[in-house]
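Topology and contacts: notes
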Amino acid sequence: GQQVMQIPQYQHVQEGEDFTTYCNSSTTLSNIQWYKQRPGGHPVFLIQLVKSGEVKKQKRLTFQFGEAKKNSSLHITATQTTDVGTYFCRVRRDSNYQLIWGAGTKLIIKP
Amino acid sequence: GAGVSQTPSNKVTEKGKYVELRCDPISGHTALYWYRQSLGQGPEFLIYFQGTGAADDSGLPNDRFFAVRPEGSVSTLKIQRTERGDSAVYLCASSRDREDEQYFGPGTRLTVT
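Notes on the structure in this doc start here. (Residues numbered from 1 in each chain as written. Chains lettered and ligands numbered in written order. Predicted model: local features only at pLDDT ≥ 70, side-chain atom pairs only at ≥ 80, totals over all residues. Heavy atoms only, no water.)

1. Some remarks on unusual backbone geometry
Residue and element names in this part refer to chain A. The residue after Ile7, namely Pro8, is reached through a cis peptide bond having omega -5°. By the secondary structure assignment, Pro8 is in the loop between strand S1 (4-7) and strand S2 (10-13). Backbone geometry at Lys59 places phi at a positive 55°, although glycine is not the residue there. One can find Lys59 in the loop between strand S6 (55-58) and strand S7 (61-65). At Ala78, a residue that is not glycine, the phi angle is positive and equals roughly 50°. Inspection of the secondary structure assignment puts Ala78 in the loop between strand S8 (71-76) and strand S9 (85-93). (Helix = DSSP H or I, 4+ residues; strand = E, 2+ residues; numbered from the N terminus.)

Next comes the structure, spelled out in structure tokens:
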């Protein structure tokens, strides 16, 4: 069954609005990585989170790892057209070290 | 330096045929991953190599799929008796070690007719 839920599947925003995607697991995670995939491209690494409650920032992007290490979020402030793409989380489960990718959240900028 | 390369970029084959997909990782990266990705989906893990050995092949869907990495560098994904359901983009990624960031190749788009 689905062990990692990434929501929402799509998010339509006006340029300048904020965007958030969530990655939720039913079990504790040892780490989580976030990737961005542009249309027609391949996934590109953004960040890795390891510690409980960790928050990391990259310019307009803020990444957070939950206190229980079961969920994470990626927040983009004031979206730009260059942010368009699909954002994936990749998690490693604590229990069996299994590697699982979320289904992704597609960021769409309204024309 | 050079990134991960994959060949061919596109492969069209008939149902029932055998195909080989090649991945050339970044030099010095010991970890190598194969994924496949269907439209609108996230990468689906297939197999992970640490050096020459397959450390985790739990994602291979059935025994028609096999992968090798004989010298700990280039890897080949082999698919026997291809089926239309095998059509997807096959992605390869490498990393310095298991926990490090993964660098993806451009993928091979496989179409089985």
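Back to the write-up after that little detour.
2. Let's talk about the sheet that holds strand S1 (residues 5-7) of chain B
Residue and element names in this part refer to chain B. One open sheet holds the four strands; their spatial order is S1-S3-S8-S7, and the pairing between them is antiparallel. A strand with exactly one partner marks an edge of an open sheet, and here the two such strands are S1 and strand S7 (65-68). Here the average twist between neighbouring strands, direction ignored, is 15°. As paired strands, S7 and strand S8 (residues 75-79) are joined by four bridges and run antiparallel to one another. Looking at the pairing, Phe65 lines up with Ile79 of S8. (Pairing = 2+ DSSP bridges. Axes fitted to C-alpha atoms, helices over the stretch in contact; angles between N-to-C directions.)

3. As for the pairing of strand S3 (residues 19-25) of chain A
All names here are of chain A. Across the seven residues that make up S3, a large majority, five, are buried. The pairing of S1 with S3 spans four bridges and is classified as antiparallel. Paired with Gln6 across the bridge in S3 is Cys23. Judged from the six bridges that link them, S3 and S8 form a sheet pairing that is antiparallel. (Buried < 20%, exposed > 50% of the residue type's maximum accessible area, 1.4 Å probe, protein only.)

4. Description of the pairing of S6(A)
All names here are of chain A. With four bridges joining them, S6 and S7 adopt antiparallel strand pairing. Its bridge partner lying in S7, Lys57 is registered against Thr62. Hairpin remark: S6 followed by S7, antiparallel, with two residues in the connecting loop; positive phi at Lys59, about 55°.

5. Points about the interface of chain B and chain A
On the side of chain A, 16 residues touch chain B, which itself brings 17 residues to the contact. Both faces combined, the contact of chain B with chain A buries some 1400 Å², and carbon together with sulfur accounts for 48% of it. When residues of chain B are sorted by the area they lose upon contact with chain A, Arg98(B), Glu99(B) and Phe104(B) head the list and together hold 37% of the total. Applying the counting rule to chain B against chain A returns zero salt bridges. Inspection of the chain B/chain A interface yields five residue pairs in polar contact (both at pLDDT 80 or more). (Contact = heavy atoms within 4.5 Å. Buried area = accessible area lost by both parts, 1.4 Å probe. Salt bridge = Lys/Arg side-chain N within 4 Å of Asp/Glu carboxyl O. Polar contact = N/O pair within 3.5 Å; in protein donor to acceptor, adjacent residues only side chain to side chain.)

6. Here's the deal with the environment of Asn24(A)
Its place among the elements puts Asn24(A) in strand S3. Ignoring any residue separated from it by four or fewer positions in sequence, one finds Asn24(A) in contact with Gln3(A), Val4(A), Met5(A), Ile7(A), Lys70(A) and Asn71(A).

7. Some words on the packing of aromatic side chains
When we look at a pair of aromatic rings, we describe it by the centre distance and by the angle of the planes. Tallied over the entire structure, the rule returns 11 aromatic pairs over all chains. Where Tyr35(A) meets Trp101(A), the ring centres are 4.8 Å apart and the plane angle is 40°; that geometry is what we call tilted. With Tyr35(A) in strand S4 (residues 29-37) and Trp101(A) in strand S10 (residues 99-101), the pair connects residues that are 66 residues apart, well separated along the chain. With respect to class, Tyr35(A) is no different from Trp101(A); both count as buried. Between Tyr33(B) and Tyr35(B) the ring centres are 6.1 Å apart and the planes differ by 15°, which places this aromatic pair in the stacked class. The buried category is assigned to Tyr35(B), whose relative accessible area is 0%. (Phe/Tyr/Trp six-rings, centres within 6.5 Å; stacked < 30°, edge-to-face > 60°.)

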